Amino acid sequence: MSFRAGRAISLAFVGALLCALLACSRFGHRDVRAIVEGPYPKKLSEWRLFTAVSPALRPNRGVLPYDLNTPLFSDYASKYRFVWMPAGAAARYRGEGVFEFPVGTILAKSFAFPADGRPGERLIETRLLVHTKGGWVGLPYVWDDQQKDATLQMVPDPVTVRWTEASGRRHDFTYSIPNANECHECHDRERVMLPIGPRAANLNKTFLYPDGAANQLERWRAAGYLEGLPENAAERPRSARWDDPASGTLDQRARAYLENNCAHCHQPGGQAGYTGVDFRASQKDLARLGVCKTPNSAGNVAGLLYDLAPGRPDASILIYRVTSVAPKIAMPQLGRAVVHREGVELLRQWIASLPGAGCRAPSAPAAAVPGS
Ligand code: HEC
Ligand code: HEC
């Protein structure tokens, strides 16, 4: 740590010297800006996270790209995630739950779709989570059509997204950018806003950096961004990749999918904590996953009785809701306009594989479905 800090200081010194020689002061220095209280910049460029936008977001000095073993599905968008921390500050490692980040941390996630009929991608939005003096703040920036810069919009308009896959499959839908209040629906625990993705198990993977492949946790530590990483790699948890059978069993992959697509709301202290359904991968109690559980919520469930009927995907409310895009039925109820076909297929296979002699008929509601 002291070596790294020393090196950072000497680099800063050399930087300052160069700056003096090149008269940088006239323009101000170009490093990322740590802004820890409002008002927040109207333009994304003012944070100086990126030095170029096209053909890809090019991170500024100290801005590290990262990826997750199992991400959240968002209408087939490509996502680009970056982390930055002020000099000398590091996140505290935790085996479970999100890391503890220092004040000044910026987490950035950009969403892009293939450009219709043109090569490359079209950036739609960049979301920032900034650890300010008063806690985490969520800021939605919306990209302009020219792809020059993004503007802070607390209540962004929906965007029409269209493109055709090489296979001929056509995508045409209305993509909703969450407004600044909606960030809380997924990011709040007990009404306190927190990051979701940067947990040891989900970050523990190889990433292809410009200078070669490396384990992300180790790269974060080498960059001075992580303290307390267990020396023994075997002690670091690793989440399955939902779409890679080599990374885990069907059960592990389905549970990783539920954890990263559902558990931010479905856990105690989350927005859907009151339903009693807890989709965290650490939850071992099948009943808490919704097995043979009748819903608390009185939504439209098409006459189905149980959140999860073991062995019977089509009798499971869970499958009914992930295959819907209708308001009040679709799960997740925010941030998804199209069905994630491959994700649904994984959940179907998983439910079909769950053993069970069926669920005992619930005492209420009275109308039982034969064979349930
Ligand atoms: C539908 C739920 C949902 C909503 C709404 C949502 N997020 Fe997130 N967000 C997630 C999940 C889940 C992750 C982690 C998984 C991933 O990145 O794929 C995440 C990740 C992020 C990240 C990367 C750091 C992290 O926490 O993992 C940022 C930055 C972020 N969100 C900002 C925002 C902002 C700003 C808003 C509001 C404009 C917002 N999010 C709204 C679910 C949501
Ligand atoms: C943005 C928050 C949020 C996310 C993300 C989310 N849910 Fe929900 N979920 C809710 C809320 C709120 C309810 C209760 C109201 C209702 O039933 O619509 C609910 C209810 C449910 C129920 C009925 C539970 C019961 O016993 O009452 C099921 C099943 C369900 N969700 C499945 C899922 C699945 C599967 C995912 C992920 C693919 C998911 N949800 C993601 C908020 C969320």
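Check the entry above for the structure.
Computed from a predicted structure; not experimentally measured.

> When you look at the sheet that holds strand β6 (residues 106–114) in this model, what are you seeing that I'm missing?
Taken in spatial order, the six strands of this open sheet run β3-β4-β6-β7-β8-β9, and their pairing is antiparallel. With partners counted over all chains shown, the strands left at the sheet margins are β3 (64–66) and β9 (150–152), one partner each. Direction aside, the axes of adjacent strands within the sheet are offset by 25° on average. Here strand β8 (residues 135–143) pairs with β9 via three bridges, running antiparallel. Within the sheet, the bridge partner assigned to Tyr141 lies in β9 and is Leu152.

> How should the nonpolar core be read in this particular structure?
A general feature of soluble globular proteins is that nonpolar side chains tend to end up buried together. If you look at the biggest cluster of nonpolar residues, it comprises 41 residues, and the most contacted ones within it are Leu49, Phe82, Val83, Trp84, Ile106, Leu128 and Tyr225. Going through the elements one at a time, β4 (78–84), β6, β7 (121–132), β8, α3 (200–203) and α4 (216–222) are the ones with two or more residues in this core. Not counting residues within four places of it along the chain, the set of residues in contact with Leu128 comprises Ile106, Ala108, Leu139 and Tyr141. Of all hydrophobic cores here, the second largest spans 29 residues; its members include Cys265, Phe279, Val291 and Leu305.

> Help me understand the site of ligand 2 in this model?
Taken together, 26 residues sit near ligand 2, with Cys262, Cys265, Pro295, Ser297 and Pro332 positioned nearest. When residues of the shell around ligand 2 are traced back to their parent elements, those giving at least two are α2 (183–187) and α6 (317–322). Per element, the largest residue contribution to the shell around ligand 2 is four residues, and it comes from α6. Partitioned by chemical class, the residues of the shell around ligand 2 number 12 nonpolar, 10 polar and four charged.

> Please explain the site of ligand 1 as it appears in this structure.
The local shell around ligand 1 holds 29 residues, among which Cys183, Cys186, Pro195, Gly197 and Gly335 are the closest. Residue assignment for the shell around ligand 1 shows that the elements contributing at least two residues are β6, β7, β8 and α2. It is α2 that contributes the most residues to the shell around ligand 1, four residues altogether. Looking at the shell around ligand 1, its residues break down into 18 nonpolar, six polar and five charged. Residues from two domains meet in the shell around ligand 1; each of domain 2 (31–235) and domain 3 (245–353) gives at least three.

> Would you explain the pairing of strand β15 (residues 212–215) in this entry?
Strand residues, when the strand is regular, have side chains that alternate between the two faces of the sheet. Here four bridges tie strand β14 (residues 206–209) to β15, and the two strands are oriented antiparallel to one another. Its bridge partner being in β15, Phe207 is matched across the sheet by Ala214. Between the antiparallel neighbours β14 and β15 lie two residues.

> Before we go on, may I ask you to explain helix α7 (residues 341–353) in this structure?
The α-helix winds at 3.6 residues per turn, so residues separated by three or four positions along the chain end up facing the same way. Here α7 contains 13 residues, and its C-alpha end-to-end distance of 18 Å stays within 8% of the 18 Å for a straight helix at 1.5 Å per residue. Against the buried residues of α7 lie α5 (250–261) and α6.

Cut-off values and rules
- Residues numbered from 1 in each chain as written.
- Chains lettered and ligands numbered in written order.
- Predicted model: local features only at pLDDT ≥ 70, side-chain atom pairs only at ≥ 80, totals over all residues.
- Pairing = 2+ DSSP bridges.
- Helix = DSSP H or I, 4+ residues; strand = E, 2+ residues; numbered from the N terminus.
- Axes fitted to C-alpha atoms, helices over the stretch in contact; angles between N-to-C directions.
- Core = buried A, V, L, I, M, F, W, Y, C linked by C-beta atoms within 7 Å.
- Buried ≥ 20, exposed ≤ 12 C-beta atoms within 10 Å, placed from the backbone.
- Contact = placed C-beta atoms within 7 Å.
- Near = placed C-beta within 6 Å.
- Nonpolar A, V, L, I, M, F, W, Y, C, P; charged D, E, K, R; others polar.
- Domains from an automatic or database assignment.
- Expected span 1.5 Å × (residues − 1).

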